[in-house]
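Inside the fold
Listed here are the chains, written in short residue letters.
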Amino acid sequence: MKASNSRLFLTYSIIVVAVIFSMGRIIIPLLSGSERTIAILTFLGGLIIFFVIIYNIFEKYIKPVRSASLVAEQLVKGNYKARTYVSQYGEAGKLSNTVNVLARSLQEMTIQEKIQGNQLETVIDNMESGLMLIDERGFVHLVNRKFSAIFGRKVSDYIGFLYYDVLEQENIHKAVQEAFLYEEKVKNSFTISMEIEKRYIEVVGAPIFNEKKALKGAVLVFHDITGLKRLEQTRKDFVANVSHELKTPVTSIRGFAETLLDGAMEEKELRKQFITIILTESERLQALVHDLLELSKLEQDELKLNLKVIGVSSLFNTILPIVKHQAEQKNISFSATIDNTIEMYVDPERLKQVFMNLLNNAINYTPSSGEVRLNIHLVDGFVKITVSDTGIGIPEEAKNRIFERFYRVDKARSRNTGGTGLGLAIVKHIVEAHHGTIHVESEVNKGTRFCVLLPSQ
Ligand SMILES: Nc1ncnc2c1ncn2[C@@H]1O[C@H](COP(=O)(O)OP(=O)(O)OP(=O)(O)O)[C@@H](O)[C@H]1O
Ligand SMILES: [Mg+2]
């Protein structure tokens, strides 16, 4: 029995004892002899019966009700772990049961609420977009982790401040003002300098209303659209480059055809010269279209490689005679050191394309009486293929760009050699599809060395 319950029980007992004792004091002096003894025994018996009754009432009714009311008090205070002692008798028993069921449901509800709250917090914090919540007066109430990563300050530097005091971008201010003014979703974008690069951020502002449709604030979502912007730019550049590259031979073909029709056809010498130009230009056009188709095929995600195990010697058997012939014609000395024991698991046709491109470049960009070398050997489980020349070299700033489509260091020179500027872009795609790498070392007027590493088998 708890102290307060014992005290109550004691109080009731004292009252009963006092009442029976007073009755005894009044009645017993009026009696005599055996009557007196009977009366004393009756009072004592009554006293015991009263005690038993009080004890029972106390245990079965008063104690459970008091315990239930204490638990109800705890529940009001938010302590949902509180439980009452369960009596097995009648209405008091039902009451304590119900109180316990109520406490359990409240506890479950708070646990659920906590889980949901945690889930929401996790989602908000791990979103790929920045998030900011402001109230109708412009005070920031919530920002997530991505938001602070975009703007570069701690979460606590924003919460509780006016948005225009902590964010300087005019376009964000505009988005908030428009969301408040027009009470509808608005979009805007701005740039922000992060470390060394510029990022493009799109902000979407949406007003928040309460049940009575009154404006309560705004939520702003920030998307980093730098990747998309870059892609858009690459596409624009590509389309511009393709049109430009196609325009040159087409203009030339058309020009010479018109000149022929205007009378040049009559002169045998001119006719031959112009038709030869038309033929060369149409070959260029054909090469360009072929390379573009090749590249678009390679860029499809599901580039299918026709992989098979092949010895290095048989891979180069068909390439070397052509390259030797080209080198001879330009009076370039060509040498190949090949470890013929190497076997590779590759797409032979695609790899031939790679080495033809690299060797053609080496010959094309090396003046006569220069040297071109091909070297193939195994290094740490990789097949290392190097193509080096003693040619014009590639300037430092161009090294990273030569693998881009249409990039040529010296446009006029490359065009003279029939180049489309797509060769190395194709090479890189094929090497990467084989899980290999390619890199270039070069010094202007000294020479260039391309190095391809492919996994052996
Ligand atoms: N061995 C090399 N020495 C010097 N410059 C090179 C060498 N290989 C490539 N380059 C430079 O890189 C540019 C891109 O080469 P790439 O092979 O992609 O195009 P291309 O040779 O101009 O045309 P094609 O698509 O017909 O091969 C070339 O225009 C050239 O300026
Ligand atoms: Mg080339």
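Here goes a summary of the coordinates provided.

Procedures and definitions
- Residues numbered from 1 in each chain as written.
- Chains lettered and ligands numbered in written order.
- Predicted model: local features only at pLDDT ≥ 70, side-chain atom pairs only at ≥ 80, totals over all residues.
- Heavy atoms only, no water.
- Pairing = 2+ DSSP bridges.
- Helix = DSSP H or I, 4+ residues; strand = E, 2+ residues; numbered from the N terminus.
- Axes fitted to C-alpha atoms, helices over the stretch in contact; angles between N-to-C directions.
- Salt bridge = Lys/Arg side-chain N within 4 Å of Asp/Glu carboxyl O.
- Buried < 20%, exposed > 50% of the residue type's maximum accessible area, 1.4 Å probe, protein only.
- Contact = heavy atoms within 4.5 Å.
- Left-handed = near helix turned anticlockwise from the far one by under 90°.
- Nonpolar A, V, L, I, M, F, W, Y, C, P; charged D, E, K, R; others polar.
- Expected span 1.5 Å × (residues − 1).
- Phe/Tyr/Trp six-rings, centres within 6.5 Å; stacked < 30°, edge-to-face > 60°.
- Lys NZ or Arg CZ within 6 Å of the ring centre and 35° of its normal.

A few words now on the sheet that holds strand S9 (residues 371-379). Strand pairs in the sheet, formed through backbone hydrogen bonds, run parallel or antiparallel to each other. With respect to topology, 5 strands assemble into an open sheet ordered S7-S9-S10-S12-S11, the strand pairing being mixed. Looking at strand neighbours, the two that pair on one side only are strand S7 (333-338) and strand S11 (437-443), the edges of this open sheet. When the angles between neighbouring strand axes are averaged without regard to direction, this sheet yields 10°. Summarising the sheet, S7 and S9 pair through 6 bridges and their orientation is parallel. The residue bridging Ile 338 from the neighbouring strand is Ile 376, located in S9.

With that out of the way, let us pick up the pairing of strand S5 (residues 215-224). In terms of strand pairing, strand S1 (residues 130-135) meets S5 through 6 bridges, oriented antiparallel. Of the residues in S5, the one forming a bridge with Gly 130 is Phe 222. As judged from the 9 bridges shared by strand S4 (residues 197-209) and S5, these two strands associate in the antiparallel manner. If you follow Glu 202 over to S5, its bridge partner there is His 223. The loop that links S4 with its antiparallel partner S5 comprises 5 residues; one of these, Lys 213, has a positive phi angle of about 65°.

One pass over the structure, following the stated rule, counts 16 salt bridges. Ionic pairing is found between Lys 216 and Glu 136, a salt bridge with its closest N-O pair at 3.6 Å. With Lys 216 in strand S5 and Glu 136 in the loop between S1 and strand S2 (140-143), the pair connects residues that are 80 residues apart, well separated along the chain. The partly exposed category is assigned to Glu 136, whose relative accessible area is 40%. Residues Arg 199 and Asp 224 are paired through a salt bridge, measuring 3.0 Å at the closest nitrogen-oxygen approach. Of this pair, Arg 199 sits in strand S4 while Asp 224 is found in strand S5, placing the two residues 25 residues apart along the sequence. Assessed through its relative accessible area of 17%, Arg 199 is described here as buried. The class for Asp 224 is partly exposed, based on a relative accessible area of 29%.

This part covers the environment of Thr 259. With respect to the helices, strands and loops of the structure, Thr 259 is situated in helix H7 (residues 226-261). According to the relative accessible area criterion, Thr 259 is partly exposed, its value standing at 34%. Once residues within four sequence positions are removed from consideration, Thr 259 is found in contact with Ala 264 and Phe 274.

What follows deals with the packing of helix H11 (residues 348-364) against helix H13 (residues 423-433). Put simply, H11 and H13 touch, their axes get as near as 9 Å, and they point 140° apart. Crossing handedness for the pair H11 and H13: left-handed. Packed against H11, whose contacting residues are Arg 350, Leu 351, Gln 353, Val 354, Asn 357, Leu 358 and Asn 361, the element H13 presents Gly 423, Leu 424, Ile 426, Val 427, Ile 430 and Val 431 at the interface. Counted by class, the contact of H11 with H13 contains 8 nonpolar, 4 polar and 1 charged residues.

Before going further, it helps to examine the sheet that holds S5. The strand order across the open sheet built from 5 strands is S2-S1-S5-S4-S3, with neighbouring strands paired in antiparallel fashion. Each of the sheet's edge strands pairs with one partner strand only, and the pair in question is S2 and strand S3 (186-194). Sheet twist, expressed as the average angle between the axes of neighbouring strands with direction ignored, equals 25°.

Turning next to unusual backbone geometry. Positive phi values are uncommon outside glycine, yet Glu 183 reaches one of about 50°. Within the fold, Glu 183 resides in the loop between helix H6 (170-182) and S3. The phi torsion at Asn 331 lies on the positive side, around 55°, for a residue other than glycine. By the secondary structure assignment, Asn 331 is in the loop between helix H10 (319-329) and S7.

An α-helical turn contains 3.6 residues, so a residue and the one three or four places further along point in the same direction. An ideal rise of 1.5 Å per residue puts 52 Å on 36 residues; H7 measures up with 52 Å between its terminal C-alpha atoms. Phi turns positive one or two residues past the end of H7, at Gly 263, with a value near 135°.

This part is about the packing of aromatic side chains. Applying the stated criterion to the full structure yields 11 aromatic pairs. Taking the centre distance of 5.1 Å and the plane angle of 80° together, the rings of Tyr 163 and Tyr 164 count as edge-to-face. For Tyr 163, a relative accessible area of 5% translates into the label buried. Centroid distance Phe 403 to Phe 450: 6.4 Å. Interplanar angle 90°. Geometry classified as edge-to-face. Separated by 47 residues along the polypeptide, Phe 403 in the loop between strand S10 (382-389) and helix H12 (411-416) and Phe 450 in strand S12 (residues 447-455) bring together distant segments of the chain. Linked through ring pairs, Phe 147, Phe 151, Tyr 158, Phe 190 and Phe 222 together constitute an aromatic cluster. The ring of Phe 238 has Arg 405 sitting right over it, with the charged end atom 4.2 Å from the ring centre. When the ring centre of Phe 403 is taken as reference, the NZ or CZ atom of Lys 428 above it lies at 5.9 Å.

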